[in-house]
Amino acid sequence: MPASDLESSLGRGLAAIVESLRLGSSQPVEEFVLGVCDIRTRQGFEIGEVIDALLVFKEIATPVLLEESEGSESLAAHLLRIDTCMRGMIAAFGDAFSSQLLQSLESVSNTMM
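Residues numbered from 1 in each chain as written. Predicted model: local features only at pLDDT ≥ 70, side-chain atom pairs only at ≥ 80, totals over all residues. Heavy atoms only, no water.

1. Re the environment of D52
- Relative to the elements of secondary structure, D52 occurs in helix 3 (residues 47-68).
- Distance in space between the C-alpha atoms of D52 and I90 is 9.4 Å, their sequence separation being 38 residues. (Helix = DSSP H or I, 4+ residues; strand = E, 2+ residues; numbered from the N terminus.)

Dropping the structure here:
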């Protein structure tokens, strides 16, 4: 993956998390994850590869997100919110990936009949 694509994806992911935390809604993260799922499955990535990348993203994003929110709430409370949001992101990706895989299998099954 070219560095520019990686930077763009990281930027969109951070923006989705910031917006989710600001709104108290998982919708921005879910929309980001659906896009990631669509792109990465078409590129032939396996679920484990993308989940691993999302976990690395969590490691990268946490310090940036903490810096963004400096002084807004206790460190422990903010870390918990970030962690909850990131776990939701990973779970949403798993759900989206399995749904796309099921649709693909159903499509193949229907063409074979």
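2. Section: the pattern of salt bridges
- A complete count under the given rule lists four salt bridges for this structure.
- One salt bridge in this structure joins D83 and K58, with 2.2 Å as the shortest N-O distance. Remark: K58 occurs in helix 3 and D83 occurs in helix 4 (residues 75-112); sequence separation between them is 25 residues.
- When its relative accessible area of 23% is taken as the criterion, K58 is described as partly exposed.
- Among the ionic pairs, R87 bridges to D83, the shortest N-O distance being 3.0 Å. Highlighted residues: R87 and D83, both in helix 4, separated by four residues, approximately one helical turn.
- Looking at D83, the relative accessible area reads 22%, which means it is partly exposed. (Salt bridge = Lys/Arg side-chain N within 4 Å of Asp/Glu carboxyl O. Buried < 20%, exposed > 50% of the residue type's maximum accessible area, 1.4 Å probe, protein only.)

3. A closer look at helix 3
- With 22 residues, helix 3 extends 30 Å from end C-alpha to end C-alpha; this agrees with the ideal 32 Å at 1.5 Å per step.
- Along helix 3, the sharpest kink reaches roughly 35°, centred on A61 and followed within four residues by the proline P63.
- Three or more residues of helix 3 are buried, namely V50, L54, F57, A61, T62 and L65.
- Buried residues belonging to helix 3 abut helix 1 (3-23), helix 2 (27-42) and helix 4. (Expected span 1.5 Å × (residues − 1). Bend = angle between axes of the 7 residues up to and from the residue. Contact = heavy atoms within 4.5 Å.)

4. A few points about the side chain of S9
- Mapped onto the secondary structure, S9 falls in helix 1.
- Among all residues touching S9, those that are not within four sequence positions of it are F32 and R40.

5. Brief notes about the confidence of the model for the protein chain
- The pLDDT averaged across the protein chain works out to 85; a share of 95% of its residues lies at or above 70.
- For the protein chain, the element scoring lowest by mean pLDDT is helix 1, at 85; helix 2 scores highest, at 89. (pLDDT = per-residue confidence, 0-100.)

6. Observations regarding the layout of surface pockets
- A volume near 320 Å³ is recorded for the largest pocket.
- Per-element tally for the lining of the largest pocket: the top contributor is helix 3, with seven residues.
- Its residues assigned to classes, the lining of the largest pocket shows 12 nonpolar, one polar and two charged.
- Around the second largest pocket, the lining residues are S20, L21, G24, S25, S26, V29, E30, R81, T84, C85, G88 and M89.
- Looking at the lining of the second largest pocket, the elements that each hand over two or more residues are helix 1, helix 2 and helix 4.
- No other element matches the five residues that helix 4 contributes to the lining of the second largest pocket.
- Its residues assigned to classes, the lining of the second largest pocket comprises four nonpolar, six polar and two charged. (1 Å grid on protein atoms, 1.4 Å probe; cavity = no way out; pocket = protein on both sides within 12 Å on 5 of 7 lines; lining within 4 Å. Points joined across faces, edges and corners; volume = space filled by probe spheres on them. Nonpolar A, V, L, I, M, F, W, Y, C, P; charged D, E, K, R; others polar.)

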